[in-house]
Structure formats: C-alpha cells, structure tokens
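# Understanding the architecture of this molecule
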Amino acid sequence: MTERHVTVVGGGRAGGSFAGALGEAGWTVTSVDRALLASGGADSLPQCDLVLLCVPDAAIEEVSLAVPVDSSRVVAHCAGSVGLEVLSRHPARASVHPLVSLPDPEVGAGRLRGAWFAVSGDPLAAELVEALGGRFVEVDDGRRAAYHAAAVVASNHLVALMGQVERIAASAGVPLEAFIDLAQGSLDNAASLGPAAALTGPVSRGDWSTVRSHLAAIDESERDAYVALVTAAARLAGRDVPDLGRR
C-alpha cells in the first residue's frame, strides 16, 4: 500500500471522523483549522498527497481559494450535493461523500470504515475509500443533486418519519422504542428483498377501510404526511388510491 499523507481542513464532526478513520488506516494525518487557513495560514500547510476540505457546503469554494495551487496534490471535499466546480482553480480535484451519518468524531470514524461513498474526480478519492475498506460509486456532477436527494430521503426523512411515529404512538400511550424493531425489520426486508417485495400492510392489500380508520384516528396535523406516504406505498404496490373521504 502506498503511504499517503492527508491534510484534513476542519475540526468538526466530519473532519474529526475522517482524521480518526484515516489515521487508523495507516495514513499520515495532519488536521488544520479552517479559520487558520482562511486568515492566511496557507503557508503552514504541510506537503501532502491530499487536502480534504471538511467544511460546510457554502464555505467549500471560499476555503479552497485559500489553499495554494499545487499540481502535486489533490484538493477534495466531502459534500454530497456539491460538484467539482467549486474546486476549479485546482488542477487535481475530487469529492468523496460518505453515505453514513457522523454524529461525533469517535462514532463517525467507526462508521466510515466499510461504508459506501460517492466519489468523483481524481482516482485518489477511490484510493481513500479502499484504504477505509469501503465501497464506492462514481457520481458525476450532473447527477449530484439527485444522488444527494436520495441520501436525504434515506437518512433525514427517515428520522423525520420516526418523529411522526413517536407522536402518533404517544397518542395511543405507546413509547417509540416499541416500534424500533419493527422499523429495523422493515429496513432489513427492503435490503434483502427490494422495497416492492418488502411492502406489507393495508395499502399493499388494498385495505382502504383500514387506511380511512387511521386517518380518522390520528391528529389532523399528521394526516397530510400520512396520505403522502399512502400514495407512495400505493405507487410501490401498483395500486390506485381511492377517495379517502378527507375533509
């Protein structure tokens, strides 16, 4: 394995996670504070193979401008929805976005090992993923927004959905934890069978009277989201949604 030196810019959750994971993978890691770089500390950047920008999406271009142009190293970011155009002044550039949530550096470092990543640009991005024992897909700039939308649905929207579960369950006097195994089992089924084959429940059976009883039972503020998901489930099941009689 080629010995690599990476400079991680940004000390937040993503920066700390990448620094920890790559260090454990045998890469030489130097962490640089974003503010120091932006204030003229570019001369303190060490010689390295890769400068990895772990900063907020809106700050990537600005921070990249503070990195001296050097054709011997790759400048990369780890944002999901941003393409390579924000790094256009650098001749060697890449992106490497992990398909895992990084709640803190310690947990994040563990999750990066063996994770899926979306990469583009210089081959060093794929080499980074391989060093972490991960898997990658190449996503070009033209498809970046659609890719990131899917990631948001899979992660953020799923969490929001569990928030709805928590609220509706509370109205029935049942704690959220009672539904976690059910949700996990459904995800496991989707992974092993595919979403269409994994779908169960009233919509998959065309049991619209049960759907109507749900709408009558839940708070009005929850109904639009419920109907939106009924519609999505019906699409998956190949069924038309009848008039549900909502006022």
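Here, the structure is the one placed above.
So, a few notes on the structure that sits alongside this text. Keep in mind it's a predicted model, so treat the numbers as computed, not measured.

The next point concerns the environment of T210. Structurally, the position occupied by T210 is in helix α10 (residues 208–217). When the C-alpha positions of T210 and P195 are compared, they lie 22 Å apart, and in sequence the two are 15 residues distant.

Okay, the pattern of salt bridges next. Scanning the model with the defined rule gives five salt bridges in all. The partner of R4 in a salt bridge is E127, and the shortest N-O contact between them spans 2.7 Å. Of this pair, R4 sits in the segment before β1 (5–9) while E127 sits in helix α5 (residues 124–131), placing them 123 residues apart in sequence. The shortest N-O distance in the salt bridge between R167 and E222 comes to 2.6 Å.

What follows deals with the state of the cysteines. Within this structure, the stated rule accounts for zero disulfides. Between C78, a cysteine without a disulfide, and C54, which holds the nearest cysteine sulfur, the sulfur-to-sulfur distance is 3.7 Å. Among the residues examined, C78 registers a relative accessible area of 12% and is labelled buried.

It is worth spelling out the side chain of S17 at this point. Among the structural elements, S17 can be located in helix α1 (residues 13–24). There is a polar contact of 2.6 Å between the side chain of S17 and the backbone oxygen of R13. When near neighbours in sequence (up to four residues on either side) are disregarded, S17 contacts L102, D104, P105, G108, A109 and L112.

Together, E61, E85, D140 and D141 give the surface a local cluster of negative charge. Mapping E61 onto the fold places it in helix α3 (residues 60–65). E61 sits in the partly exposed class, given a relative accessible area of 44%.

On to the nonpolar core. Nonpolar side chains tend to gather and get buried jointly when the protein is soluble and globular. One finds F18, L50, L52, V96, F117, L128 and L132 to be the most contacted residues of the largest nonpolar core, which totals 28 residues. Where this core is concerned, the elements lending two or more residues are β1, α1, β3 (50–53), β4 (74–77), β5 (93–98), α4 (105–112), β6 (116–121) and α5. Each residue touching V96, except ones within four places of it in the same chain, is listed here: F18, L52, H77, C78, F117, A118, V119, A125, L128 and V129. Listed in part, the 18 residues of the second largest apolar core include L45, C48, I60 and V67.

With that settled, the discussion passes to the environment of G26. Note on placement: G26 falls in the loop between α1 and β2 (28–32). Measuring from C-alpha to C-alpha, the distance between G26 and A131 comes to 8.2 Å, with 105 residues separating the pair along the chain.

Side chains of L158, L161, L187 and L229 sit close together on the surface and give an oily, nonpolar patch of about 300 Å² of accessible area. Its place among the elements puts L158 in helix α6 (residues 144–171). On the basis of relative accessibility, which here comes to 31%, the residue L158 falls in the partly exposed class.

A word on the packing of α6 against helix α7 (residues 177–193). The interhelical angle for the contact between α6 and α7, taken along N-to-C directions, is 145°, at an axis separation of 11 Å. Crossing of α6 against α7: the hand is right-handed. In this structure, α6 uses L158, M162, V165 and A169 to contact α7, whose residues at the interface are F179, I180, A183 and L187. Looking at the contact of α6 with α7, its residues break down into eight nonpolar, no polar and no charged.

With 12 residues, α1 extends 17 Å between its outermost C-alpha atoms, agreeing within 8% with the 16 Å of an ideal straight helix rising 1.5 Å per residue. What α1 keeps buried is the set G15, S17, F18, A19, A21 and L22. Two residues or fewer past α1, G26 is found with a positive phi of approximately 100°.

The sheet built from seven strands is open, its strands ordered β2-β1-β3-β4-β5-β6-β7 with mixed pairing. The open sheet has two free edges, formed respectively by β2 and β7 (135–138), since each of these has just one partner strand. For this sheet, the mean inter-axis angle between neighbouring strands, taken without regard to orientation, is 25°. Across five bridges, β5 lies against β6 in antiparallel orientation. Bridge pairing in β6 places V96 opposite V119. The strands touched by α1 are β1, β2, β3, β5 and β6; relative to β2, the strand with the most contacts, the crossing angle is about 160°.

Each value, and the rule that gives it
Residues numbered from 1 in each chain as written. Predicted model: local features only at pLDDT ≥ 70, side-chain atom pairs only at ≥ 80, totals over all residues. Heavy atoms only, no water. Helix = DSSP H or I, 4+ residues; strand = E, 2+ residues; numbered from the N terminus. Salt bridge = Lys/Arg side-chain N within 4 Å of Asp/Glu carboxyl O. Disulfide = S-S within 2.5 Å. Buried < 20%, exposed > 50% of the residue type's maximum accessible area, 1.4 Å probe, protein only. Polar contact = N/O pair within 3.5 Å; in protein donor to acceptor, adjacent residues only side chain to side chain. Contact = heavy atoms within 4.5 Å. Patch = residues over 30% accessible without salt bridge, like charges linked within 9 Å, V, L, I, M, F, W, Y side chains within 5 Å. Areas by Shrake-Rupley, 256 points an atom, 1.4 Å probe, with all protein chains shown as cover. Lys, Arg positive; Asp, Glu negative; His and termini not counted. Charge placed at Lys NZ, Arg CZ, Asp CG, Glu CD. Core = buried A, V, L, I, M, F, W, Y, C linked by side-chain atoms within 4.5 Å. Axes fitted to C-alpha atoms, helices over the stretch in contact; angles between N-to-C directions. Left-handed = near helix turned anticlockwise from the far one by under 90°. Nonpolar A, V, L, I, M, F, W, Y, C, P; charged D, E, K, R; others polar. Expected span 1.5 Å × (residues − 1). Pairing = 2+ DSSP bridges.

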